[in-house]
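# Reading the structure
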Amino acid sequence: MEKRSSRINDLLIHALNNLSQEEFKGFKDKLSHSDSEGKGNIARGRLENADAIDTKNLLMAFYGGDAAVDVTIDVFNQLSLREAAANLREERETDYSVKYREHIQNKYRVIKDLNSRLGENVTLNSRYTKLIIVKKQHEEIMTKRASSISLGNLFKCDEDGQTPQIVVLLGAAGIGKTMTARKIMFDWAAGELYKERFDYAFYINCREVNFGSEQGRIADLILKNCPNKNAPVEEILINPEKLLFIIDGFDELRFSLDQPEDNLCSDPCEKQPMEITLSSLVRKTVLLESYVIITTRPTALEKLRQCLECTRYAEILGFSAAEREEYFHKFFGNEEKARKAFNFVKENEMLFTMCFVPIACWIICTVLKQQMEAGEDLAQTSKTITGVYMLYLFSLLKGHSSNSKKHTAANLKGLCSLAADGIWRQKILFGEEDIKKHGLHISDSLFLNENMFQKDIDCECVYSFIHLSFQEFFAALFYVLEKEETTVEDSVTAMNNVKKLLENYGKSRNYLMLTVRFLFGLLNEERMKDMKKKLSCKISPKIKPDLLQWLFLEPDEMSSFKRNAEMIYQLEEFHCLYEIQEESFVQSALNRFTELYLAEYNFTKMDLVALSFCLKNCRKLETNLNFHLHALHALPLRHQRDRDAHFPFCLSVSCRLSNCHLTAVCGGDLSSLLSTKPTLMELDIGENNLGDSGVQLLCGGLKHPHSKLQKLR
Ligand SMILES: Nc1ncnc2c1ncn2[C@@H]1O[C@H](COP(=O)(O)OP(=O)(O)OP(=O)(O)O)[C@@H](O)[C@H]1O
């Protein structure tokens, strides 16, 4: 504040000193007569002998900071001192951007840990860890091998000199899209990112848009970011090419941006239904020269692509191994504890892999920290994402042991029914009414965050799950928890049917993805036992046949998605099967596969782990001739860990590994593959750089008595 008031002092002095003697005299005279702010005027006698400094002091004392500048501009205009008025306005405007930056820095400086209590905050920079982000060309989003890109280069022009105006930032659930959006806001405000490029950056949260007023202007979206409603919006809008809008969580939007062309608006100050306002911004009928970043989960990408033109896509892939370690150090803030936790996780391949997703990393660190504090053994681990969420659930509930198991179970059921109700209706924010309807008490719901929203002039208190993925977890739990005769959820029967849930997932493949994945995970025998033992909640496996039946539906029967989308879908199915970790179930589900086409695609490590697990259980593939895997193209086969994950694919008779970046060290792996996979008849390793030593190693395998290879290319 002090900084600001001293800045205003300087501005006024500068403006008054620039007047000629005559002009200054006229200014004081006019000032003593004008009633600019409806506050009356400064007494003539006080102004008569005042010099520039005295006059400035009188202005500041009488009108106060910002208003003093307004009055001065007004008086300049009345005296036709247009240049002086324009200069002062311009200087003040620059000043506003300074004020705005300060405000944004304060707003984004701290983050709340998902389970933090009141006042427990960490600073963004002390926790933020670099994420791997890769650039993708518009037409080949899923197919081309991508190169990494920094946040600073998101708008850098491409090889043919084109600068993208819209950048879509894709990423799976919990991979760090919101965190990245906040980091961009903070770094921009701190002058460390896009300093010359953007004068203003605005953050638009789709979750809040869903909840907010139904009608609004672009100007309102801007004002929502500003410290108060007096922001000079018109001036801000003068240079649209200097504006950046970050639209966070497109996948959460309840409406479509695919509005008819004719309905779109061109005036940022025109009030329209929110879907029109946002569509107009994204489709560039308004503020044509402005820049936009849109974050979304990949599941909503098709929907987004339908309404975007000429855009750059970048995907957040999570933490590299080194960054995972860095995260642990940042999280624990204690060298020894961080090292202990990290070493433990590194020993467990699955946990370590899972930590590439920041939210999983956060959950694992949180659970380990609690275990360490309680002096417990760190051996309690899990290798599926559902398992990790359950660990977190248990660890949070353990801290609340004062509540009886019965109370906890009842609370959990309420939470699950609230979550499912929300998922069903694509609702993320809940009012107190909703909470009560599901038999919950706000005071003892550990998994809900309280959000304050300004709705018109009233403040409204609403609740959301600590992260969307937790809502998805609890929604899945809703479908598998054994129900008693008279529980609250019986009143919300419309959503009770798991077949309907799966049917809807088939249709949209969108917002239900993680819920369905958790559904499979919860049906794992171990998980069911844990739920019973730790929370006295019984999970019923009776929906298993429904899940199996659903898996047998071909994607084509469900909707007409393009090839890439089909593959994502199939991959998703493998993730579901990985979660359940039950061999007999997985084998029955995969019985239908005799051939698998996995086009060039950037698989994540988790994709590979899931694929590998499923292919091991794919009986028919082993005896059939048609398995060609084109997918390894995109995989860097550089680390032992990666190679272990890849080679179980080669169960089939024919395996194609051409152009897979295989190097000399891979020769050894290929050799052991040949000696351990007697089914392998054909191997294509063309367009790789195995070198002499790699080929020598390979020859060792070819000579092995178990090798039945007949064709090598
Ligand atoms: N770069 C990062 N550094 C440190 N922690 C991170 C980072 N990114 C994400 N996290 C952690 O992971 C959590 C989830 O991240 P975030 O909310 O950004 O995910 P998201 O991609 O927006 O997920 P969703 O699609 O489900 O909304 C954060 O609350 C934070 O704890």
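We now turn to the structure provided with this report.

Taking 1.5 Å as the rise per residue, helix H2 (residues 21-33) with 13 residues should run 18 Å; its terminal C-alpha atoms sit 19 Å apart, in good agreement. For H2, the set of buried residues is Phe24, Phe27, Lys28, Leu31 and Ser32. Projection of H2 onto a plane perpendicular to its axis shows the buried side chains occupying an angular sector of 125°, all on one side. Residues of H2 that are exposed and angled more than 90 degrees away from the buried face: Glu22, Lys25 and His33.

Let us look at the pairing of strand E8 (residues 243-248). Of all the 6 residues making up E8, 6 are buried; the element is thus mostly covered by neighbouring parts of the structure. Here E8 shows a buried face lined by Leu243, Phe245 and Ile247 and a second buried face lined by Leu244, Ile246 and Asp248. Sheet topology places strand E6 (residues 200-205) next to E8; 6 bridges connect them, and they run parallel. Each bridged residue has a counterpart across the sheet, and for tyrosine 203 the counterpart in E8 is isoleucine 246. As defined by bridge partners, E8 adjoins strand E10 (residues 291-296) across 5 bridges and the pair is classed as parallel. In the strand pairing of E10, aspartate 248 is matched with threonine 295.

This next bit is on the packing of helix H14 (residues 321-332) against helix H17 (residues 358-373). In the contact formed by H14 and H17, the axes pass within 11 Å of each other and the chain directions differ by 50°. Between H14 and H17, the angle falls in the class oblique. Regarding H14 and H17, the two cross each other, and that crossing is right-handed. In this structure, H14 uses Tyr327, Phe328, Phe331 and Phe332 to contact H17, whose residues at the interface are Cys361, Trp362, Cys365, Thr366, Leu368, Lys369 and Met372. Considering only residue class, the contact of H14 with H17 consists of 9 nonpolar, 1 polar and 1 charged.

Checked against the element boundaries, asparagine 497 lands in the loop between helix H21 (468-480) and helix H22 (498-508). Classification of asparagine 497 by relative accessible area gives partly exposed; the value is 37%.

Attention now goes to empty space enclosed by the protein. Here the structure, examined in full by the defined rule, presents 4 cavities of 30 Å³ or more. Empty space within the largest cavity amounts to approximately 160 Å³. Around the largest cavity, the lining is made up of 14 residues, and of these Asp251, Glu252, Ile428, Leu468 and Tyr511 lie nearest the centre. Only helix H19 (405-424) and H21 provide two or more residues apiece to the lining of the largest cavity. A per-element tally of the lining of the largest cavity places H21 first, with 3 residues.

A few words now on the sheet that holds E8. Note on sheets: strands pair through backbone hydrogen bonds, and any given pair is parallel or antiparallel. Across the sheet, which stays open at both edges, the 7 strands sit in the order E4-E3-E11-E5-E10-E8-E6 with mixed pairing between neighbours. With one partner strand each, in any of the chains shown, strand E4 (147-148) and E6 form the two edges of the open sheet. Strand direction decides the pairing type here: strand E5 (residues 166-170) and strand E11 (residues 312-318), joined by 4 bridges, are parallel. Within E11, the position partnered with leucine 169 by the bridge is alanine 314.

What counts and what doesn't
Sequence order as written defines the numbering, with residues in each chain counted from 1. Only residues with pLDDT of at least 70 get local features here, since the model is predicted, and only at 80 or more are side-chain atom pairs given and counted; chain-wide, interface and lining totals rely on the full set of residues. For the side-chain quantities, the full set of heavy atoms in the structure was used; hydrogens and water were omitted. Put simply, DSSP H or I for four residues or longer makes a helix, DSSP E for two residues or longer makes a strand, and each gets a number counted from the N terminus. Here, expected helix span is obtained from the residue count minus one, scaled by 1.5 Å. Exposure classes here rest on a 1.4 Å probe applied to the protein chains alone. A residue is buried below 20% of its type maximum, exposed above 50%, and partly exposed in between. It is the directions from the helix axis to the C-beta atoms that the arc portrays. Strand pairing follows a simple DSSP-based rule, namely that at least 2 bridges must link the two strands. Axis definition: a line fitted to C-alpha atoms, limited for helices to the stretch in contact. Angles are taken between N-to-C directions and run from 0 to 180 degrees. Each angle gets one of four labels, with under 35 degrees taken as roughly parallel, over 145 as roughly antiparallel, 65 to 115 as roughly perpendicular, and the rest as oblique. Two helices crossing with the near one rotated counterclockwise from the far one by less than a right angle form a left-handed crossing, whereas a clockwise rotation gives a right-handed crossing. A contact between two residues is defined here by any heavy atoms of the two lying within 4.5 Å. Polar here means any residue other than Ala, Val, Leu, Ile, Met, Phe, Trp, Tyr, Cys and Pro, which are nonpolar, and Asp, Glu, Lys and Arg, which are charged; Gly is therefore polar. Of the grid points, spaced at 1 Å and generated over the protein atoms alone, those admitting a 1.4 Å probe that cannot get out make up cavities, while open sets with protein on both sides within 12 Å along at least five of seven lines make up pockets; any residue with an atom within 4 Å of a point is treated as lining. Grid points are joined across faces, edges and corners, and a volume is the space filled by probe spheres set on the points.

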